[in-house]
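So you can see what is in the structure, the chains are spelled out below.
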Amino acid sequence: MAKKLMSLLGIAVIGGSATLVAQEGAKPANVGQGTLTLKGKNYPLKNAVAYETTVDGEEGIAVVLSGPTISSEKLNLARKSEKAGEIPDFRKPYVKLEFTKAGEFKGWGAGASDISLGRHSSNATGELKLQDGRVIGKASQPNETEGMFPSGLDVRFDVRLLRVGESLPPSKKPGPAANVKPTVTGEFKGNGKEAKLAYVSAHWREPFGDKPSMVLVFTEKDHSKDKKPDFNAGFGKFGSALVVSLHEDGDIFGCEVAHSSLKHKNFSSIGTIKTNDFEYGDGQVKGELTTDGEAEVFGEAWGVNVQFVAPLGEIPKEFQPAASTENEENTPEKPATTEPTTELSEKRAPKPAKDQLKAKDLALTKDASDIDYKALVEQLGFKSKGNVKSVCAELSANLKAQGWTKDGSDLITPASAILKRKRGDAALTIFVKPESGGSEVKMMTEGLAWDEK
């Protein structure tokens, strides 16, 4: 399900310049530069890809500039989503530019953290030139101070154009665990005090969202001989610790923070942490883990910025996702007509459904209180007196009785939980975390009726 927290984004002018035109006779690598700024936070963009697609029902070109590496698998899935008229899911932060085949600029969209901006143009301008199988160009928009958030754009690119049916080289093969020493360097702070993360390990875990999933465990004390380090680290057995659950491409879906200088000794902080330059291949995982400064949770501040390397072999059979029944992402691309989109939510125009469930009829827990319906972003939240596990159990049972089924594996720990459910064309992503002796639940929805009638 596409994330649907919505807002306007600002993109700051990039500092410095880059040589984007290749030397004569050379075959340069893909080059892209830019900086995405959201709510005063900067997100550098240093990876780029360009591919043929459909723009407003006609043949066009999309250029994506991203902070994380854009993998072949992620690009194939994004193009497949576009063919189906759905929102492509690129790892954030990213900026997506759209042009006609003739080089006319049609607009841009972007995403950072858990916020997305659909395609719009405003006062933006852009240009694109096709030369020797590459697209070279730029896009810019003067800073606009009016509106909810100021926004601007200044990006440049020089990348090989992927034609219909072409893709990026496949990711490296995993292979057996490499003979590398696990290392971690950097800082891990809680309320301004640093804890020294000296040990790191990587392990496979059950699939999440029907995709292979792994967990990274960072601790102060040696946990290498523990059979369940991800579980025990969260309870302080190895001093201050950080436990991160993520997919093969570095997309994080779970994070447990345990720091001795925090009053809340163990809590979840999803959405404030990301990976940079993440790689899984040749029997190891490596990259950077960062919150881009301090993050505030429960009135306390924590932050991390570490670089790591850890051995990790091929995924065991018991942790491999069930085989897909669909003809997956390597199917050659064909131009498809995209459906109308709304400017801010970058989602398809809603189709009428005979059995469309009203948002206010959605099953919750019996003791649900402080219920907050946010129609604009199609989200709702409420509180319960139960702990995380009991709330998840009751909510799962009530949703099942209403016709909802699981969409992938549930991630449930005492500190946090993520559940995904589907019902026809509707979908839910549910986050549960401890709050004031009970639990707080946030639900991102898709396909529900939000009108007041």
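Values in this document were obtained by computation on a predicted structure and should not be read as measured data.

With respect to the sheet that holds strand 16 (residues 241-247)
Here's step 1: With antiparallel pairing, the five strands of this open sheet are ordered in space as 14-15-16-17-18. The sheet is open, and its two edges are formed by strand 14 (199-208) and strand 18 (267-268), each paired on a single side.
Here's step 2: Across eight bridges, strand 14 lies against strand 15 (residues 211-219) in antiparallel orientation. Along strand 15, the bridge assignment pairs Phe 208 with Lys 211.

Quick look at the pattern of salt bridges
One side chain can pair with another of opposite charge once the charged atoms of both are near each other.
Here's step 1: Throughout the structure, instances matching the rule amount to 18 salt bridges.
Here's step 2: Residue Asp 410 is joined to Arg 421 by a salt bridge in which the shortest nitrogen-to-oxygen separation is 2.9 Å. Of the two residues, Asp 410 is situated in the loop between strand 25 (405-406) and strand 26 (411-412) and Arg 421 in strand 27 (residues 417-423); the sequence distance between them amounts to eleven residues.
Here's step 3: Classification of Asp 410 as buried rests on a relative accessible area of 16%.
Here's step 4: Several salt bridges share partner residues, and in doing so they unite Glu 52, Glu 59, Lys 101 and Arg 163 into one network.

Focus: the side chain of His 259
Here's step 1: Along the polypeptide, His 259 turns up in the loop between strand 17 (252-258) and strand 18.
Here's step 2: A polar contact is formed between the side chain of His 259 and the backbone oxygen of Lys 193, at a distance of 3.2 Å.
Here's step 3: Reaching out from His 259, the side chain makes a polar contact with the backbone nitrogen of Ser 261 at a distance of 3.0 Å.
Here's step 4: In this view, His 259 contacts Phe 188, Lys 189, Gly 190, Lys 193, Glu 194, Ala 195, Ser 240 and Lys 265; residues no more than four positions away in its chain are not counted.

Considering the packing of aromatic side chains
For any pair of aromatic rings, the description rests on two quantities: the centre-to-centre distance and the angle between the ring planes.
Here's step 1: A complete count under the given rule lists nine aromatic pairs for this structure.
Here's step 2: An angle of 80° between the planes, with centres 6.3 Å apart, marks the rings of Phe 188 and Trp 302 as edge-to-face. Note that Phe 188 is positioned in strand 12 (residues 183-190) and Trp 302 in strand 22 (residues 300-311), a separation of 114 residues in sequence. Like Phe 188, the residue Trp 302 is buried in the burial classification.
Here's step 3: With 5.2 Å between their ring centres and 50° between their planes, Phe 231 and Phe 235 make a pair best called tilted.
Here's step 4: Members of the aromatic cluster, each reached through a chain of ring pairs, are Phe 99, Phe 105 and Phe 157.
Here's step 5: The side chain of Lys 360 reaches across the aromatic face of Tyr 373, ending 5.4 Å from its centre.

Calculation notes
- Residues numbered from 1 in each chain as written.
- Predicted model: local features only at pLDDT ≥ 70, side-chain atom pairs only at ≥ 80, totals over all residues.
- Heavy atoms only, no water.
- Pairing = 2+ DSSP bridges.
- Helix = DSSP H or I, 4+ residues; strand = E, 2+ residues; numbered from the N terminus.
- Salt bridge = Lys/Arg side-chain N within 4 Å of Asp/Glu carboxyl O.
- Buried < 20%, exposed > 50% of the residue type's maximum accessible area, 1.4 Å probe, protein only.
- Polar contact = N/O pair within 3.5 Å; in protein donor to acceptor, adjacent residues only side chain to side chain.
- Contact = heavy atoms within 4.5 Å.
- Phe/Tyr/Trp six-rings, centres within 6.5 Å; stacked < 30°, edge-to-face > 60°.
- Lys NZ or Arg CZ within 6 Å of the ring centre and 35° of its normal.

That's the geometry; what it means functionally is another story.
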